[in-house]
Amino acid sequence: MFRHHIRAAREMDLPLVIHTREAEEQTRRVLQEEKATTCGGVLHCFTGSAEMARWALDQGFYLSFSGILTFRAAQELQQVAKSLPLDRLLIETDAPYLAPIPYRGKRNEPAWVVRVAETLATLHDRSLEEIARITTENYCRLFRVGAVTTEARDPQNALLAYPIGHALYLNLTKACTLHCEFCPKWSAGPKVHGYDLSLRRHPDAEAVLQAMGDFSGYREIVFCGFGEPTLRLETLLEVAAAIKQRGDFRIRINTDGLANRVFGCDVTPRFRGLIDALSVSLNAQDAATYERICQPALSDSYAAVLAFIRAAREHVPDITATAIQGVEGVDIDACRRIAETELGVRFRVRYLDRLG
Ligand code: SF4
């Protein structure tokens, strides 16, 4: 019957809702044999292993957590939930069953799903509002029911400035000089943590600052978005200068490290006093791997990234090089060695499909 159900879902192009208990191996085998990835779906009321969770994400499934996530004895499950990318998670009631703490044992009510959201928020160090927005967006995407939250649709703020955790992220452009094979913008569209980051025009500094509103409560301002922020260098520096004028806020740029290659000169001295941190996508341990997975539009891009990091060390106090675990051919240990030993900067591993 499981196979029939999967075939029906594929035929109708509708997402599957799967409840599996103590049958991970069989579930994986049947889903694979029936090519269930083509219709996708959700592993509902998930209580499985970390291995099962990663497998399901790799296959394009979502995972949904019920009141069990709030149970004191569910520490293992909580660690699994903590390790997963938020943009693939749902929350659910399973009412009238599985009432969350502090209602455990009572007849469950849909309204109590907020307890599951609170637990997820604590595990990911996010606000309850963020979890509500992200899981709502995930639900809309999975079940194709259209509407998203009002905040993500807000034309004034959502596209140019968006909070994630304790940081305010800024969105200056959707353009890149790379075409990274692992970038979700080629498959999932310009969505990050439920925010629609598609831009119809390039905003000027005034528009960005207006969208930021009162940013005094954030620990960090991050130039990121769904494109390469240094392609808008003048706007970026103008916004950074205006932020610094208002106080000693920490400013970071998440970058591909190709600004010097793009502008044909060393732009890093212009960061001095404005930019406190750079997170640079090293991405690979050698030029050949970089060329294959990032498909740069400009020649010698890998060498340019290394040179950019070396130059930036003179002007930016905190530099981290990153690479993504799980991309075929990427040697994380070798990337770490290059960052820490050859370039003298910190190194951070990122994970495939985990955004923000
Ligand atoms: S540089 Fe970043 S945004 Fe651009 S394609 Fe690569 S991963 Fe995506």
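Residues numbered from 1 in each chain as written. Predicted model: local features only at pLDDT ≥ 70, side-chain atom pairs only at ≥ 80, totals over all residues.

Is there a simple way to explain the overall build of the chain in this structure?
Helix and strand content of the chain: 13 helices and 13 strands. Expected size for 356 residues packed as a compact globule is a radius of gyration near 21 Å; at 22 Å, the chain falls within 12% of this value. A principal-axis box enclosing the C-alpha atoms of the chain has dimensions of 65 × 45 × 40 Å. A buried classification covers 39% of the 356 residues belonging to the chain. Long-range pairs, those at least 24 residues apart, make up 71% of the contacts in the chain between residues at least 6 apart in sequence. (Helix = DSSP H or I, 4+ residues; strand = E, 2+ residues; numbered from the N terminus. Rg over C-alpha atoms; globule rule 2.2 N^0.38 Å. Buried ≥ 20, exposed ≤ 12 C-beta atoms within 10 Å, placed from the backbone. Contact = placed C-beta atoms within 7 Å.)

Mind showing me how you'd approach the sheet that holds strand β9 (residues 220-223) here?
Whether parallel or antiparallel, the strands of a sheet pair through hydrogen bonds between backbone atoms. The seven strands are arranged β5-β6-β9-β10-β11-β12-β13 in an open sheet whose pairing can be described as mixed. Every interior strand has two partners, whereas the edge strands, β5 (161-164) and β13 (346-351), have only one. Between one strand axis and the next, the sheet turns through 25° on average, direction left out of account. Strand direction decides the pairing type here: β9 and strand β10 (residues 251-255), joined by three bridges, are parallel. Paired with Ile221 across the two strands is Ile251, which belongs to β10. Where helix α12 (residues 301-312) meets the sheet, its contacts fall on β11 (277-281) and β12 (318-325), and the angle it forms with β11 comes to roughly 165°. (Pairing = 2+ DSSP bridges. Axes fitted to C-alpha atoms, helices over the stretch in contact; angles between N-to-C directions.)

I tried to follow the site of the ligand on my own but got confused; where do I start?
In the region of the ligand, the neighbouring residues are Cys176, Leu178, His179, Cys180, Cys183, Lys185, Phe226, Gly227, Glu228 and Asp256. Residues that form the shell around the ligand fall into these classes: five nonpolar, two polar and three charged. (Near = placed C-beta within 6 Å. Nonpolar A, V, L, I, M, F, W, Y, C, P; charged D, E, K, R; others polar.)

Honestly, the nonpolar core in this entry has me stumped. Any pointers?
Among soluble globular proteins, nonpolar side chains are generally buried collectively. Counting residues in hydrophobic clusters, the biggest one holds 52 residues, and the most contacted among them are Leu170, Val280, Leu282, Ala284 and Ile309. The element contributing the most residues to this core is α12, with five residues. Residues within four places of Val280 in sequence aside, it is in contact with Thr255, Gly257, Val305, Phe308, Ile309, Ile319, Ala321 and Thr322. Counting residues in hydrophobic clusters, the runner-up holds 35 residues, among them Ile18, Cys45, Phe65 and Ile131. (Core = buried A, V, L, I, M, F, W, Y, C linked by C-beta atoms within 7 Å.)

Any chance you could explain the sheet that holds strand β2 (residues 41-43) here in plain terms?
One open sheet accounts for four strands, arranged β1-β2-β3-β4; its pairing is parallel. What marks the edges here is a single partner per strand, and that holds for β1 (16-18) and β4 (89-91). The average angle at which neighbouring strand axes cross in this sheet is 25°, direction not considered. Taken together, the three bridges between strand β3 (residues 62-65) and β4 define a ladder with parallel strand orientation.

Is there a simple way to think about the confidence of the model for the chain in this case?
Interpretation of this model should avoid reading the predicted coordinates in detail wherever pLDDT is low. The pLDDT averaged across the chain works out to 89; a share of 93% of its residues lies at or above 70. Note that pLDDT drops below 50 for residues 147-154; the model gives that stretch 16 contacts with residues more than four away or on any other chain. (pLDDT = per-residue confidence, 0-100.)

Would you mind showing me how to read the packing of helix α4 (residues 75-83) against helix α5 (residues 113-124) here?
The axes of two packed helices give the description: the angle between them and the distance between them. At a minimum axis distance of 9 Å, the contact between α4 and α5 shows a crossing angle of 65°. What the angle tells us is that α4 and α5 run roughly perpendicular. For the pair α4 and α5, the crossing hand works out as right-handed. Contacts between α4 and α5 involve Gln78, Ala81 and Lys82 from the former and Leu120, Leu123 and His124 from the latter. Looking at side-chain class alone, the contact of α4 with α5 contains three nonpolar, two polar and one charged residues. (Parallel < 35°, antiparallel > 145°, perpendicular 65-115°, else oblique. Left-handed = near helix turned anticlockwise from the far one by under 90°.)

I would appreciate a short explanation of the pairing of β5 in the present structure.
Looking along a regular strand, one sees side chains alternate from face to face of the sheet. Sheet analysis places β5 next to strand β6 (residues 167-170), joined by four bridges and oriented antiparallel. What sits directly across from Pro163, in β6, is Leu168. Adjacent in sequence and paired antiparallel, β5 and β6 are bridged by two residues, among which Gly165 carries a positive phi angle near 60°.

Looking at this model, I keep getting lost on helix α13 (residues 332-343). Mind explaining?
An α-helical turn contains 3.6 residues, so a residue and the one three or four places further along point in the same direction. The terminal C-alpha atoms of α13 lie 15 Å apart, and with 12 residues this matches the ideal 16 Å at 1.5 Å per residue to within 8%. Within the sequence span of α13, burial applies to Cys335, Ile338, Ala339 and Leu343. The buried residues of α13 occupy an angular sector of 90° when projected down its axis, which confines them to one face. Away from its buried face by more than 90 degrees, α13 exposes Asp333 and Thr341. Considering only its buried residues, α13 is in contact with α12, β12 and β13. (Expected span 1.5 Å × (residues − 1). Arc of directions from axis to C-beta.)

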